[in-house]
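So the chains spell out like this:
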Amino acid sequence: MKKTIIILDLIYILFIFNLCYFKFDFTNKVLDNIIRLSNQELADAFDNDYYASVLIELNYDKKENSNEFYMEENFDSDNYLRRIRKEMKDYYFLRNENIAKKLGLLNYNYCLSYFSPYIEIVFNDVNEYNTNKGDIKKKLENNEYIKSVVIDLVKPISLSDDRYYECDEDYPLETAFSDIGVANTQFSGDGIRIGFIDTIMPLDDDNFYPDMFDYYYQNSDDENDEQSEMGGHCEFVASIAGGMYGIAKDAHLYFYSTGSNLDIQGNAIQNSYIYGFNWLIDTCNVNIINISMYFTHDNGNSEVGVYEGYSEYCDYIVSTTKCTIIKSAGNNGNGYDEDENLIYMREGNNLITAPGLGLNVITVGSINIEKKLSYFSSRVEGNEYTYKPDLVAPGENICNIPNFNGSRSGTSFSAPMVTGIVALLMEEFPILKASPSIVKAVLLSGCVKLDLYDDMFDDDSGFGLVNYINSRNCILNQNYFTFRITDDNENGDILYTSYINIPAHTMYEAYITWTINTLSTDYNSTDIDANYSKCKISLYNVNNECVRQKIINSNMNYISYYNNTDNELFFTIKVHLNGNKVLGGIEYCAVAHSYEDLDNTFVNTLNESITHTHKYNYEINSISNTQHTSTCVCGETVTSGHVVKNSSTNSKQCIVCGVIVNTNDDIFFPIFPTSLINIMSSPNGSYILPNGIIVLVEEDIDLYFNGTLKFSNNRGEIKWQKLLKLVYYL
């Protein structure tokens with residue numbers, strides 16, 4: 001039996017900037033034309049309860065992080081975050097404050113960003129804006145401190161009366177958790193701090209543990225009534241990510257509302273969007289921010305979303321504070337039935353909602369219980385610069401959350417699925433708290449492709465369905481690495497090199513992401529490719545022939561190769577800077593590798609069968625003077641000979657397990673000419689002793705560790721030495 005439910009369009013409140021949305025550079029004297037709206041436009045906006053926002057980007061250099069981090073074993077990510085966030089606040093807040101004074105903004109309801117060169121002025125209604133627009137123009141026009149300004153007229157509109165869809169089957173929360181790999185986890189998000197930005201605070205705290213959540217302020221009676229009418233959107237979102245019944249049950253939750261607050265005189269004032277980031281990152285020190293609300297702009301182009309001021313602001317925040325931002329894609333998709341008949345068409349036509357086009361932001365679409373894309377899920381079609389959404393998660397007809405009746409639909413509820421997964425990963429792997437690029441890379445590498453989608457990326461579902469187990473396995477198997485793009489890099493420079501082996505009948509995929517600093521682009525546009533660095537990814541075989549290459553005009557790239565032979569193949573993967581380094585400062589990059597080997601599965605620690613390629617570098621122990629054991633993360637163990645450097649010393653250290661091997665005894669290291677017996681040797685002179693010990697000359701050490709060192713004997717027998725461990729003990 002079909003039923004009718006309400007689609008919660010990321011939030012029941014939709015911010016529509018449908019009167020004015022512009023960015024302008026004050027070297028072009030266009031402010032007078034933009035800021036002077038017609039009397040009729042202002043009257044219409046005032047009658048419909050709009051408020052106005054002025055987002056000012058200041059003209060000074062970005063701060064580079066002097067507290068560079070390294071992935072050492074005992075790296076303290078929490079201390080690192082405190083250091084860099086304090087450093088950024090000391091730099092940006094002081095400069096923003098001084099410029100605000102020089103601009104004469106102290107009498108306005110303004111907010112200074114703590115972590116970027118931005119000031120936001122918020123007017124409670126259009127009448128207040130209209131009264132002060134002349135003064136604002138005078139203060140900002142042709143000012144050397146100003147880089148750009150965005151003026152928005154904003155109205156909250158309830159959509160609970162026009163978003164009804166016919167849906168066949170509910171998606172129980174426990175089923176959704178199983179589908180994304182979090183049904184039985186040993187981690188709970190302990191020590192992780194998650195922030196939520198929504199239009200209204202949670203109505204109640206029945207689903208949250210006492211002392212495990214905080215509000216920026218409590219709702220007014222009117223807001224409580226409005227939240228009650230909307231069915232508790234914010235607590236539904238948070239109950240998926242954390243709380244008593246969510247994914248990360250022990251994470252601390254913090255809530256900020258973009259609605260109104262009361263000043264010291266008891267007057268309602270509109271909250272600043274920028275201050276929400278200030279409070280969550282500076283006061284609450286959050287690791288993740290979930291945004292299940294959005295802004296929509298009437299930009300004259302309803303086909304695609306645009307990169308606007310708040311998208312750029314979020315990109316800046318991720319870059320300077322290392323906070324991971326996760327955003328719902330939007331519910332503007334056009335829906336089709338199984339016969340490809342259009343069953344629903346949004347006026348916005350597939351629009352990804354702001355700030356979901358932020359390149360450093362992780363944007364999440366929705367699927368239903370059949371693991372098909374939800375027809376309301378927003379996407380970007382046919383745009384070579386914007387690869388959104390990044391991935392998808394369950395979001396249609398979500399039900400079985402305690403203290404809520406019925407089911408809810410919307411990408412609002414897909415985003416916290418990913419937020420919860422990131423919290424679990426951050427608890428187990430603290431390095432992720434300091435590297436949003438690694439977070440994104442391992443999430444993408446763990447995605448499961450939806451049916452009917454064969455490419456690594458597609459416009460509808462991004463890289464596929466998020467999966468905690470696969471992403472966790474990527475990290476456990478050490479299948480991720482980091483590198484940087486610096487101001488010293490030039491076109492064609494090799495930024496990253498890795499040697500890989502692809503087993504027979506295995507699909508290999510690599511995902512590269514990098515955190516851009518900031519863009520100087522024309523807002524209201526998707527054409528942003530010229531304003532950040534690009535990379536080219538290539539795959540070379542053992543003959544140094546390029547067998548795969550991909551160039552993408554975005555801050556990510558990917559490549560795949562299917563080994564359809566019966567033999568293991570060896571390759572080199574290289575990342576080159578494609579074009580000149582764009583903008584100043586360091587861009588932090590991460591690459592994650594994934595292997596899909598249908599002939600080799602194992603049962604992991606979560607007792608779920610997943611595809612897996614053995615990599616014997618999880619635990620290595622010496623068992624004798626000639627041998628050590630190497631264990632894969634799945635528990636599979638192999639025994640092999642020690643590996644030592646060829647030298648004249650009597651004591652040699654195995655460069656795999658680190659044990660000291662006594663070489664005085666000729667039983668272990670006999671003296672003989674390799675040409676006279678059937679001993680395995682390399683062209684450079686390395687050899688394998690009859691007892692299994694491998695003796696390497698200096699020229700062969702790198703070849704051994706990347707899996708391309710070949711040994712042969714006078715019988716024509718060949719042996720490849722495979723990679724056992726990535727770290728040298730020398």
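Here goes a summary of the coordinates provided.

Calculation rules
- Residues numbered from 1 in each chain as written.
- Predicted model: local features only at pLDDT ≥ 70, side-chain atom pairs only at ≥ 80, totals over all residues.
- Heavy atoms only, no water.
- Helix = DSSP H or I, 4+ residues; strand = E, 2+ residues; numbered from the N terminus.
- Buried < 20%, exposed > 50% of the residue type's maximum accessible area, 1.4 Å probe, protein only.
- Salt bridge = Lys/Arg side-chain N within 4 Å of Asp/Glu carboxyl O.
- Phe/Tyr/Trp six-rings, centres within 6.5 Å; stacked < 30°, edge-to-face > 60°.
- Lys NZ or Arg CZ within 6 Å of the ring centre and 35° of its normal.
- Pairing = 2+ DSSP bridges.
- Axes fitted to C-alpha atoms, helices over the stretch in contact; angles between N-to-C directions.

1. What to know about the environment of Asn477
Moving on, step 1. Within the element layout of this structure, Asn477 appears in the loop between α12 (468–476) and β23 (480–485).
Moving on, step 2. The exposure class assigned to Asn477 is buried, which follows from its relative accessible area of 3%.
Moving on, step 3. With 116 residues separating them in the primary sequence, Asn477 and His593 have C-alpha atoms 9.7 Å apart.

2. Thoughts on the pattern of salt bridges
Moving on, step 1. Applying the stated criterion to the full structure yields 16 salt bridges.
Moving on, step 2. With its nearest N and O atoms 3.6 Å apart, the salt bridge here joins Lys147 to Glu57. Remark: Glu57 occurs in strand β4 (residues 51–58) and Lys147 occurs in strand β7 (residues 146–158); sequence separation between them is 90 residues.
Moving on, step 3. Between Lys433 and Asp78 there is a salt bridge; the shortest N-O distance is 2.8 Å.

3. Quick look at the side chain of Asn290
Moving on, step 1. Position of Asn290 relative to the elements: it lies in strand β15 (residues 288–291).
Moving on, step 2. For Asn290, a relative accessible area of 1% corresponds to the buried category.

4. Let's talk about the packing of aromatic side chains
The geometry of an aromatic ring pair comes down to the distance between the two centres and the angle between the two planes.
Moving on, step 1. In this structure the tally under the stated criterion is 34 aromatic pairs.
Moving on, step 2. Note on Tyr508 and Tyr595: the rings are 5.3 Å apart at their centroids and 55 degrees apart in plane angle, and the pair reads as tilted. Placement of Tyr508 in strand β25 (residues 506–515) and of Tyr595 in strand β30 (residues 587–597) is noted, with a sequence separation of 87 residues between them.
Moving on, step 3. With relative accessibility at 17%, the residue Tyr595 sits in the buried group.
Moving on, step 4. Taking NZ or CZ as reference, Lys574 lies 5.2 Å from the ring centre of Tyr540, over its face.

5. Here's the deal with the sheet that holds strand β26 (residues 535–541)
Moving on, step 1. Spatial ordering of the open sheet is given by β24-β29-β26-β27, a layout of 4 strands whose pairing is antiparallel. The sheet is open, and its two borders are formed by β24 (494–502) and β27 (546–551), each paired with just one other strand. Here the strands of the sheet are splayed against their neighbours by 15 degrees on average, with no regard to which way each runs.
Moving on, step 2. Alignment of β24 against strand β29 (residues 569–577), held across 8 bridges, turns out to be antiparallel. Across the sheet, the residue bridging to Ile502 is Leu569, located in β29.

6. Overview of the sheet that holds strand β20 (residues 362–367)
Moving on, step 1. The 7 strands are arranged β11-β12-β10-β15-β17-β20-β21 in an open sheet whose pairing can be described as parallel. Where the open sheet ends on each side, the last strands, each with one partner, are β11 (213–215) and β21 (391–394). Strand-to-strand twist across the sheet, computed as the mean angle between neighbouring axes with direction ignored, equals 25 degrees.

7. Describing unusual backbone geometry
Moving on, step 1. Of note, the amide linkage connecting Ala354 to Pro355 takes the cis form, showing an omega dihedral of 0 degrees.
Moving on, step 2. Here Pro355 lies in the loop between β19 (342–344) and β20.
Moving on, step 3. Put simply, Lys388 and Pro389 share a cis peptide bond, and its omega is 0 degrees.
Moving on, step 4. Note that Pro389 resides in the loop between β20 and β21.
Moving on, step 5. For Asp211, which is not glycine, the phi torsion reads 65 degrees and is therefore positive.
Moving on, step 6. Along the chain, Asp211 falls in the loop between β10 (193–198) and β11.
Moving on, step 7. Among the residues examined, Asp211 registers a relative accessible area of 70% and is labelled exposed.
Moving on, step 8. For Asn403, which is not glycine, the phi torsion reads 75 degrees and is therefore positive.
Moving on, step 9. One can find Asn403 in the loop between β22 (398–399) and α10 (415–428).
Moving on, step 10. A relative accessible area of 55% means that Asn403 is categorised as exposed.

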